[in-house]
Amino acid sequence: MVKQQRLRSSSAEAVGWGAVALLWATALAVPCFAADPYAYFDWDVTYITASPLGVPQQLIAISNQFPGPVMNVTTNWNVVVNVLNSLDEPLLITWDGIQQRKNCWQDGVLGTNCPIPPGWNWTYQFQVKDQIGSYFYFPSLGLHRAAGGYGGITVNNRDVIAVPFGKPDGDFTLFIGDWYIRNHTDLRQALDDGKDLGMPDGVLMNGKGPYRYNTTLVPDGIDHETVKVEPGKTYRFRVHNVGTSTSLNFRIQNHNMILVETEGTYTAQQNFTNLDIHVGQSYSFLVTMDQNASSDYYIVASARFVNESLWTRVTGVAILHYSNSGGKASGPLPDPPNDFYDKTFSMNQAKSVRMNVSAGAARPNPQGSFRYGSINVTQVYVLRNMPPVTINGKRRTTLNGISYSNPDTPLRLADQYNKEGVYTLDFPTRPLDRPPRNGTSVINGTYKGFMEIIFQNNDTTVQTYHMDGYAFFVAGMDYGEWTEDSRGTYNKWDGVSRCTTQVFPGAWTAVLVSLDNVGFWNVRVENLDTRYLGQELYLRVVNPEDHSNKTEMSMPDNVLYCGLLRNMQTQQTPHGSQTSASFITYAGGLLFTSMLILVSTVISFN
């Protein structure tokens, strides 16, 4: 159902009615996407003080919400997000899993965008083209996500496309993640000083601490999340691990969870009593309220692959509350998997997640109609990560011996203006026998090629890898070193298509991806600490025959300039100024939002 909702615009104070009239008059000159509905969001990204684990600390909120609001849209809708950076640091927001078809300009990472300076607005505009599913957004710079700033993205099917299960009676979004009481700037300083972040202080669920299931481990006075349900009804739970670095086991006491979707792909439906959800991953479950309501039930997210006797406090606990519940939950939490010394349980669980090849998704054709296993691979990259190393006296992480260094000029912007020397197209296809080094080395992808990427994890902890702009097919994973013979174990029929995959320590994961999306795309580890220290890279995909922007959208009018192009940037009046002239100069990217100030309406999905 579409409804009208009044827009609360942070930028309204800076723009007089004369400026709005000017922008309205200019409206017809601004290009737009296809004639699909628009969803408008107006965010003020600020610090707030809260105590999710009982200790006051500084968090990042979206318009005073922590976690931020869920963006509820439908396939092919156009999304316009006006972001006011009220932090004291530069800011970028990235849209984890939203593929940004032909539009890496809106990706919100340093390879494609200059950061939004403190006090400035910037407006993102993109389309959720041919996508469905459960995703999340988060601030991509400087460990900001460890302080919050994240929220959900739900992309619903169009009414004409069948969903492979009955309509749930309700839809819940759960953000789970490890959490530190230390400020994100303190966490950054620890990494800069060559230290590990150490054990987290707890696990949050929807920004709240654990229910007091244990009076010794959980102090009194901590607010916890409660999910209210009706007996006999079935609900969809969209669960996102938005934490810093800890894999979590998710379970709902005494309830089966039917896995139905992960990061835009409907899965073969199967029951789980628990599932490991690694950093950056998203899953959807159907859960039927079929238990006795003599008391409430625990919802648990506990740390995995650690010494559980030491990490007991790193457990998130929420409450599932039936409307006819007879009392509070009590007693021990449901047990996690007992495989600290044997990781095969979790890997077998991961391998069991398969694509529902007969279901449609964003389009009516079956998900299995793209027969990825029969396509000839044109490029192969083995990306090996190692334990942290010292480079030039600093502790760094690497892929194939290269620790990524962000240049002052975004890669895409450097290409646009032919600025040479910002990056090199020489990322090695295999690990090389040479000393590790810092560098801005980029993979040169072949447009419409088919790439095989093997993530080889030679570190001692689980690493989760994500690719912007694409969904890839998870073809295989196993322990040991990947070899050419490992291809004989690949799943070439119903491997799940997703954008984030776990790679177990001392193991490999192989993915296949069709390079049909032009732009610069970030390939990164989702573990915030190892990414901060350099474990990421960019994939460049260029259509050499495109001279008319048919396969990539033009640079947006509101692009920010920095680095070698900083002299091209027009100054924006900081938020709250009474002078609107320089703001008008900058307002090309704020056009749609400013027009909405005039008409005071916005389309949103109910």
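Residues numbered from 1 in each chain as written. Predicted model: local features only at pLDDT ≥ 70, side-chain atom pairs only at ≥ 80, totals over all residues. Heavy atoms only, no water.

**Q** Please explain the environment of Tyr561 as it appears in this structure.
**A** Looking at the secondary structure, you find Tyr561 in the loop between strand S34 (536-542) and helix H6 (581-586). Note on Tyr561: relative accessible area 15%, which makes it buried. As for Tyr561 and Thr409, which are separated by 152 residues in sequence, their C-alpha atoms are 8.1 Å apart. A distance of 2.9 Å separates polar atoms of two side chains, one belonging to Tyr561 and the other to Tyr417. (Helix = DSSP H or I, 4+ residues; strand = E, 2+ residues; numbered from the N terminus. Buried < 20%, exposed > 50% of the residue type's maximum accessible area, 1.4 Å probe, protein only. Polar contact = N/O pair within 3.5 Å; in protein donor to acceptor, adjacent residues only side chain to side chain.)

**Q** In this structure, what is going on with helix H2 (residues 184-192)? I would like to understand it.
**A** Along an α-helix, residues three or four apart share an orientation, since each turn contains 3.6 residues. Every buried residue of H2 is listed here: His184, Leu187, Arg188, Ala190 and Leu191. Along the axis of H2, the buried residues cluster in a sector spanning 160°; they form a single face. Its buried side turned inward, H2 meets strand S2 (38-50), strand S3 (57-62) and helix H5 (528-532). Phi turns positive, to about 85°, at Gly194, one or two residues after H2. (Arc of directions from axis to C-beta. Contact = heavy atoms within 4.5 Å.)

**Q** Whenever I open this one, the pattern of salt bridges confuses me. Can you help?
**A** Where charged atoms of side chains with opposite charge meet at close range, the side chains can pair. By the definition in use, this model includes 23 salt bridges. A salt bridge links Arg540 to Asp415; the shortest N-O distance between them is 3.0 Å. Of this pair, Arg540 sits in strand S34 while Asp415 sits in helix H4 (residues 411-416), and the two are 125 residues apart along the sequence. We classify Arg540 as buried; its relative accessible area is 17%. Look at Asp415 and you get partly exposed, because its relative accessible area is 21%. Note that Glu452 is salt-bridged to Arg487, the shortest N-O span being 3.0 Å. With Glu452 in strand S27 (residues 450-457) and Arg487 in the loop between strand S29 (472-479) and strand S30 (497-498), the pair connects residues that are 35 residues apart, well separated along the chain. Judged by relative accessible area, Arg487 falls into the partly exposed class, the value being 25%. The network of salt bridges with shared partners includes Asp96, Arg145, Asp468, Arg524 and Glu526. (Salt bridge = Lys/Arg side-chain N within 4 Å of Asp/Glu carboxyl O.)

**Q** Can you walk me through the layout of surface pockets in this structure?
**A** Roughly 900 Å³ of volume is contained in the largest pocket. Lining of the largest pocket is provided by 31 residues; of these, Gln99, Asp130, Phe370, Ala471 and Ser497 occupy positions nearest its centre. Its residues placed into classes, the lining of the largest pocket shows twelve nonpolar, eleven polar and eight charged. (1 Å grid on protein atoms, 1.4 Å probe; cavity = no way out; pocket = protein on both sides within 12 Å on 5 of 7 lines; lining within 4 Å. Points joined across faces, edges and corners; volume = space filled by probe spheres on them. Nonpolar A, V, L, I, M, F, W, Y, C, P; charged D, E, K, R; others polar.)

**Q** Looking at this model, I keep getting lost on the nonpolar core. Mind explaining?
**A** In summary, soluble globular proteins display a tendency toward joint burial of nonpolar side chains. With 68 residues, the main nonpolar core has Phe237, Phe250, Phe285, Ile299, Leu320 and Leu539 as its most contacted residues. Once residues lying within four places of it in the same chain are set aside, the contact partners of Phe250 are Leu174, Ile176, Met205, Val239, Met257, Thr273, Asn274, Leu275, Ile277, Phe285, Ile299 and Val300. Core analysis: the second largest hydrophobic core is formed by 38 residues, Leu87, Trp105, Trp122 and Leu565 among them. (Core = buried A, V, L, I, M, F, W, Y, C linked by side-chain atoms within 4.5 Å.)

**Q** Got a minute to help me understand the state of the cysteines in this structure?
**A** Among covalent bonds in proteins, the disulfide is the one between the sulfur atoms of two cysteines. Enumeration according to the criterion identifies one disulfide in this entry. With a sulfur-sulfur separation of 2.1 Å, Cys114 is cross-linked through a disulfide to Cys562. Handedness of the Cys114-Cys562 disulfide follows from its S-S torsion of about -85°: it is left-handed. Of this pair, Cys114 sits in the loop between strand S6 (93-96) and strand S7 (121-127) while Cys562 sits in the loop between S34 and H6, and the two are 448 residues apart along the sequence. Taken individually, Cys114 and Cys562 each receive the classification buried, so the pair is uniform in this respect. (Disulfide = S-S within 2.5 Å.)

**Q** I'm lost on the pairing of S7 in this one. Help?
**A** Within a regular beta strand, the side chains point alternately toward one face of the sheet and then the other, so they alternate between its two faces. Among the seven residues that make up S7, seven are buried, leaving the element largely enclosed by the rest of the structure. Neither face of S7 is left uncovered, since the one carrying Asn121, Thr123, Gln125 and Gln127 and the one carrying Trp122, Tyr124 and Phe126 both have all their residues buried.

**Q** Teacher, can you tell me more about the side chain of Asp178 here?
**A** Note that Asp178 resides in strand S10 (residues 170-179). From its side chain, Asp178 meets the backbone nitrogen of Thr244 in a polar contact 2.4 Å long.

Just geometry here; none of it tells us what the structure is for.
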